[in-house]
Amino acid sequence: MRNDGEGRPRAPKKDGEFFFFPHREVDSLYEGREPHVVIKEDPFAGRFPTERQIGVFLFLFSMALYLASMSWTAFPGMPTEQLLAHLAPGAAPRALDSMWGLLIRLFARLPGPVAVWAGALSALCGAASVGLLGRLMVRVGYVIRNEPGRESFSRQAQARRLSGLAGGLYLAGGIPFWTASTRSLPATLHPLLLLAMFWA
């Protein structure tokens, strides 16, 4: 039984009663929600936009952005060097990019310029990273212990969806990530693998 500030038993609050700030004489140690069960029930789970819808939107938006601004030829500098490091005879590529290099060697057997296939791979990995980051951010909640009221669940669900959209759009439009996603570079594969580990 919870008690008031003077040690006397205090009757529980009514179902419709809500206090954003507890009374000064009330001990709020055990008031509000239990922080360990915060995301087990999402009050907006079936409402638009859902976690899946946010991820799909971010993926399609960033994929369209990257394909529209992608370099369809071998871009001078590091993108060309990365291609030659895996395709030139006697090349010794870095072990860090071994998975990307394997895909590049497979693309070299397909019709069309390998730079186009490599750029499309970078755009695909970049868009997948953006969508996955957005979905992960929706699942991350900042728990304020003892925050009273049922409305706190709804506020947190709204904040998580806003953070997912903001985080995904920020990553998609960031100049370094946009550059890596529109060139034949392995840089977008690395964050995709990292985010996939967090998702698993």
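Everything below is about the structure printed above this text.
Residues numbered from 1 in each chain as written. Predicted model: local features only at pLDDT ≥ 70, side-chain atom pairs only at ≥ 80, totals over all residues. Heavy atoms only, no water.

## A word on the pattern of salt bridges
- Here the structure, examined in full by the defined rule, presents 2 salt bridges.
- Linking Arg-139 and Glu-51 is a salt bridge whose minimum nitrogen-to-oxygen distance equals 3.0 Å. Of this pair, Arg-139 sits in helix 4 (residues 114-139) while Glu-51 sits in helix 1 (residues 51-68); the two residues are 88 residues apart in sequence, bridging distant segments of the chain.
- On the accessibility criterion, Glu-51 (17% relative accessible area) is buried.
- Sharing partners across several salt bridges, the network here consists of Glu-51, Arg-135 and Arg-139. (Salt bridge = Lys/Arg side-chain N within 4 Å of Asp/Glu carboxyl O. Helix = DSSP H or I, 4+ residues; strand = E, 2+ residues; numbered from the N terminus. Buried < 20%, exposed > 50% of the residue type's maximum accessible area, 1.4 Å probe, protein only.)

## Here we look at the packing of helix 2 (residues 78-87) against helix 3 (residues 98-107)
- Contact geometry for helix 2 and helix 3: axes closest at 9 Å, N-to-C directions at 80°. Relative to helix 3, the element helix 2 is oriented roughly perpendicular. Of helix 3, the residues touching helix 2 (which contributes Gln-82, Leu-83, His-86 and Leu-87) are Trp-100, Gly-101, Ile-104 and Arg-105.
- Looking at the contact of helix 2 with helix 3 residue by residue, the classes come out as 4 nonpolar, 3 polar and 1 charged. (Axes fitted to C-alpha atoms, helices over the stretch in contact; angles between N-to-C directions. Parallel < 35°, antiparallel > 145°, perpendicular 65-115°, else oblique. Contact = heavy atoms within 4.5 Å. Nonpolar A, V, L, I, M, F, W, Y, C, P; charged D, E, K, R; others polar.)

## Here we look at the packing of helix 1 against helix 4
- Look at helix 1 against helix 4: their axes get within 8 Å of each other, and the N-to-C directions meet at 155°. When the axis of helix 1 is compared with that of helix 4, the two are roughly antiparallel. Considering how the two elements wind past one another, helix 1 and helix 4 form a crossing that is right-handed. Of the residues in helix 4, those in contact with Glu-51, Arg-52, Ile-54, Gly-55, Leu-58, Phe-59, Ser-62, Met-63, Tyr-66 and Leu-67 of helix 1 are Ala-123, Leu-124, Gly-126, Ala-127, Ala-128, Val-130, Gly-131, Gly-134, Arg-135, Val-138 and Arg-139.
- Looking at the contact of helix 1 with helix 4, its residues break down into 12 nonpolar, 5 polar and 4 charged. (Left-handed = near helix turned anticlockwise from the far one by under 90°.)

## Focus on the environment of Tyr-170
- Relative to the elements of secondary structure, Tyr-170 occurs in helix 5 (residues 151-173).
- Relative accessible area serves as the criterion here: at 70%, Tyr-170 is assigned to the exposed category.
- Expressed as a C-alpha distance, the spacing of Tyr-170 and Val-130, which sit 40 residues apart in the sequence, is 8.9 Å.

## A few points about helix 3
- Along helix 3, the residues that are buried comprise Trp-100, Gly-101, Ile-104 and Phe-107. Along helix 3, the residues classed as buried sweep out an arc of 115° about the axis, all on the same side.
- On its buried face, helix 3 sits against helix 2, helix 4 and helix 7 (189-199). (Arc of directions from axis to C-beta.)

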